[in-house]
Amino acid sequence: TINCNNLNISDLTGIADFTALTHLYCGGNQLTSLDLSQNTALTKLWCSSNQLTTLDVSNNTALIELWCDFNSLTSLDVSNNTALIQLWCYFNQLTSLNVSGANALIELLCSNNQLTSLDVSNNTALTELRCFFNQLTSLNVSGATDLEELWCYDNSLTSLDVSNNTALIGLVCSNNPLTSLNVSNNTALTKLWCNYNLLTSLDVSNNTALTKLYCDNNPLTSLDVSNNTALTDLICHDNQLTSLDVRNGN
């Protein structure tokens, strides 16, 4: 293990000689480049809060955890990192993110970037995805059947298919131009925030576990929550509702 966090380091030349290195913590420095091509034993890499514009981890196939948030990365490819479980790459300038080969990935935090599309259909083990504050027009979560938390708010999504994500507990898709949202298969949902969209209808009759529903600022003309007996929080202002029956709620 090498821990050189917050030491005002601008150059890690020579790190290649540590071929047995498994843990590298070099966050909070002034690194503009990082060559880890020879450090093939690496399992944990924390290089957050530097000035990295590129990061090549294609040779680091043993990598389990990668934290590269708060840098200036424009692209990131972890398709070779088949052992990767946790990836934090938020607050960069990513326009491209390839996670296609990271089949073990459980947690992906890629918010606050410039992504226009994201495909996690191959990431079948994924349980948490936070991709908010991007420019997403396309999001494919069809293969992520273990997904429990999906936070994709503040994007440009016009459609969102969560029909395969039956384990979903929390869905936050606020601030998108969604015109429809089908959550009929998501019977485990306890939290649904779909406010600030363009939804004209919303069917939550199958979502009997729902405790929090935020659907305000849509053009909804009707809303039936008669089946949602577990509901404790309902925010539905700024719609076009003319009636609302909440007698079955808590």
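Description of the structure in this document. (Residues numbered from 1 in each chain as written. Predicted model: local features only at pLDDT ≥ 70, side-chain atom pairs only at ≥ 80, totals over all residues. Heavy atoms only, no water.)

### Quick look at the packing of aromatic side chains
Each aromatic ring pair is specified by the distance between its two centres and by the angle formed by the two planes.
Logical step 1: On inspection of all chains with the given rule, the structure shows 12 aromatic pairs.
Logical step 2: With a centroid separation of 5.8 Å and an interplanar angle of 80°, the aromatic rings of F70 and Y90 are classed as edge-to-face. Note that F70 is positioned in the loop between β4 (65-67) and β5 (75-77) and Y90 in the loop between β6 (86-88) and β7 (96-98), a separation of 20 residues in sequence.
Logical step 3: Of the residues examined, F70 reaches a relative accessible area of 37% and is grouped as partly exposed.
Logical step 4: Considering the side-chain rings of F70 and F91, the 4.6 Å spacing of their centres and the 10° angle between planes classify their relative orientation as stacked. You can see F70 sitting in the loop between β4 and β5 and its partner F91 sitting in the loop between β6 and β7, a full 21 residues away along the chain.
Logical step 5: Taking the ring centre of W151 as reference, the NZ or CZ of R130 above it sits at 4.1 Å.
Logical step 6: A cation over a ring is seen here: K191 above W193, with NZ or CZ 5.2 Å from the ring centre. (Phe/Tyr/Trp six-rings, centres within 6.5 Å; stacked < 30°, edge-to-face > 60°. Helix = DSSP H or I, 4+ residues; strand = E, 2+ residues; numbered from the N terminus. Buried < 20%, exposed > 50% of the residue type's maximum accessible area, 1.4 Å probe, protein only. Lys NZ or Arg CZ within 6 Å of the ring centre and 35° of its normal.)

### Some details on empty space enclosed by the protein
Logical step 1: One pass over the structure, following the stated rule, counts 1 cavity of 30 Å³ or more.
Logical step 2: Approximately 30 Å³ is the volume attributed to the largest cavity.
Logical step 3: Contributing to the lining of the largest cavity are Y25, K44, L45, W46, E65 and W67.
Logical step 4: Of all the secondary structure elements, the ones that give two or more residues to the lining of the largest cavity are β3 (44-46) and β4.
Logical step 5: Ranked by residues supplied to the lining of the largest cavity, first place goes to β3 with 3 residues.
Logical step 6: Along the lines of polarity and charge, the residues of the lining of the largest cavity split into 4 nonpolar, no polar and 2 charged. (1 Å grid on protein atoms, 1.4 Å probe; cavity = no way out; pocket = protein on both sides within 12 Å on 5 of 7 lines; lining within 4 Å. Points joined across faces, edges and corners; volume = space filled by probe spheres on them. Nonpolar A, V, L, I, M, F, W, Y, C, P; charged D, E, K, R; others polar.)

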